[in-house]
Amino acid sequence: MADQVFPTKGNLINLKKSLTLAKSGYDLLDRKRNILVREMMDLISSATEIQEKIDKTFATAYRALQNANITMGVLQRAAAFPVEESLKVEYRSVMGVEIPMVSLEETEPAPYYSLSASNSQLDVAYLSFLEVKRLTAQLAQVETSVYRLANAIKKTQKRSNALKNIIIPNFEQNVKFITGALEEKEREEFSRLKVIKKTKERKKAEENPIE
């Protein structure tokens, strides 16, 4: 790339400015990547904890539901819950990455079955499944956030690598090339002026010989 740049002071100034901007851009991308990685690692840790809670709560819910089925018969009507419509999704920005914030409207538990025709095991199952619903919303938020952060990290790393391994070295190579060419030109100019000076002095001496 260096042989494609004409060695002038103007080009040297422009290249130095571009090199400075490229280095600043690399530093910013590196900081952005580190922040996104920390955010993602925190979310991965949180996802693991939430998944463990969901597994335990599901186990509790199914055991209670199984016991309720044994003592009360198959509870088909109790399973006819309404469609969930209280889910809300908002977004927050982390270094330009839109992260979802999923929430469920907080309401008092209201069983959709007759209390007189049920027992405590069904209540446990009902409350456990409600907790699973809440935890699932949290897990969906975390997993979606991790996915978006991972994509952003990948893109940021790709741009960072391009700056570090291609763009910045090319700018440095061109700056070195032009700097060397201009210094060589200055040396040639200095030598040329020195020769001209000596030639003038010799001619002057020849025209005015010392008697």
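Higher on the page you've got the structure.
Figured I'd write up the structure that's included with this text.

Rules of the game
Residues numbered from 1 in each chain as written. Predicted model: local features only at pLDDT ≥ 70, side-chain atom pairs only at ≥ 80, totals over all residues. Heavy atoms only, no water. Helix = DSSP H or I, 4+ residues; strand = E, 2+ residues; numbered from the N terminus. Contact = heavy atoms within 4.5 Å. Areas by Shrake-Rupley, 256 points an atom, 1.4 Å probe, with all protein chains shown as cover. Buried < 20%, exposed > 50% of the residue type's maximum accessible area, 1.4 Å probe, protein only. Phe/Tyr/Trp six-rings, centres within 6.5 Å; stacked < 30°, edge-to-face > 60°. Core = buried A, V, L, I, M, F, W, Y, C linked by side-chain atoms within 4.5 Å. Salt bridge = Lys/Arg side-chain N within 4 Å of Asp/Glu carboxyl O. Patch = residues over 30% accessible without salt bridge, like charges linked within 9 Å, V, L, I, M, F, W, Y side chains within 5 Å.

**Thoughts on the overall build of the protein chain**
Reasoning step 1: Each helix and strand counted, the protein chain has 2 helices and 2 strands in total.
Reasoning step 2: The order of α-helices and β-strands along the protein chain, N terminus first, is α-β-β-α.
Reasoning step 3: Long-range pairs, those at least 24 residues apart, make up 78% of the contacts in the protein chain with a sequence separation of at least 6.
Reasoning step 4: Approximately 15,100 Å² of the protein chain is accessible, and the part contributed by carbon and sulfur atoms is 56%.

**Re the side chain of S145**
Reasoning step 1: Position of S145 among the secondary structure elements: in helix α2 (residues 120-207).
Reasoning step 2: A relative accessible area of 1% means that S145 is categorised as buried.
Reasoning step 3: Ignoring anything within four residues of it in the chain, the contact list for S145 reads L43, I99 and P100.

**As for the environment of D123**
Reasoning step 1: Mapping D123 onto the fold places it in helix α2.
Reasoning step 2: Sequence separation between D123 and A61 is 62 residues, and the spatial gap between their C-alpha atoms is 9.5 Å.

**Some words on the packing of aromatic side chains**
Reasoning step 1: Enumeration over the complete set of coordinates arrives at 3 aromatic pairs.
Reasoning step 2: Note on F58 and Y62: the rings are 5.6 Å apart at their centroids and 15° apart in plane angle, and the pair reads as stacked. Of this pair, F58 and Y62 both sit in helix α1 (residues 9-72), separated by 4 residues, roughly a single helical turn.
Reasoning step 3: For F58, a relative accessible area of 27% translates into the label partly exposed.
Reasoning step 4: The class for Y62 is partly exposed, based on a relative accessible area of 49%.

**With respect to unusual backbone geometry**
Trans peptide bonds make up the majority, and among non-glycine residues the majority have a negative phi.
Reasoning step 1: At M95, a position not held by glycine, the phi torsion is positive, near 55°.
Reasoning step 2: Looking at where M95 falls in the secondary structure, it is placed in the loop between β1 (87-94) and β2 (97-104).

**A look at the nonpolar core**
Reasoning step 1: Ranked by size, the top nonpolar core spans 16 residues in total, and within it L36, I50, V97, V142 and L149 carry the most contacts.
Reasoning step 2: Broken down by secondary-structure element, the contributors of at least two residues to this core are α1, β2 and α2.
Reasoning step 3: Among the elements that make up this core, the one with the highest residue count is α2 (7 residues).
Reasoning step 4: Contacts of V142, omitting those with residues within four sequence positions, involve L43, S46, A47 and I50.
Reasoning step 5: Counting residues in hydrophobic clusters, the runner-up holds 12 residues, among them L19, L163, F171 and L182.

**Brief notes about the pattern of salt bridges**
Reasoning step 1: This model, assessed by the stated rule, comprises 5 salt bridges.
Reasoning step 2: Of the charged contacts, one joins R134 and E131 as a salt bridge, the two residues approaching to 2.3 Å between their closest N and O atoms. Taken together, the residues R134 and E131, both in helix α2 and 3 residues apart, mark about one turn of the helix.
Reasoning step 3: With a relative accessible area of 31%, R134 lands in the partly exposed category.
Reasoning step 4: Using a relative accessible area of 29% as the deciding quantity, one classes E131 as partly exposed.
Reasoning step 5: E184 serves as the salt-bridge partner of R187, at 2.6 Å between the closest nitrogen and oxygen.

**Comments concerning the environment of K16**
Reasoning step 1: Along the chain, the position of K16 falls in helix α1.
Reasoning step 2: Taking the C-alpha atoms as reference points, K16 and N174, separated by 158 residues in sequence, lie 9.3 Å from one another.

**Concerning a nonpolar patch on the surface**
Reasoning step 1: A surface patch of nonpolar side chains, about 290 Å² in accessible area, is lined by L87, V89 and Y91.
Reasoning step 2: Relative to the helices and strands, Y91 is located in strand β1.
Reasoning step 3: Using a relative accessible area of 46% as the deciding quantity, one classes Y91 as partly exposed.

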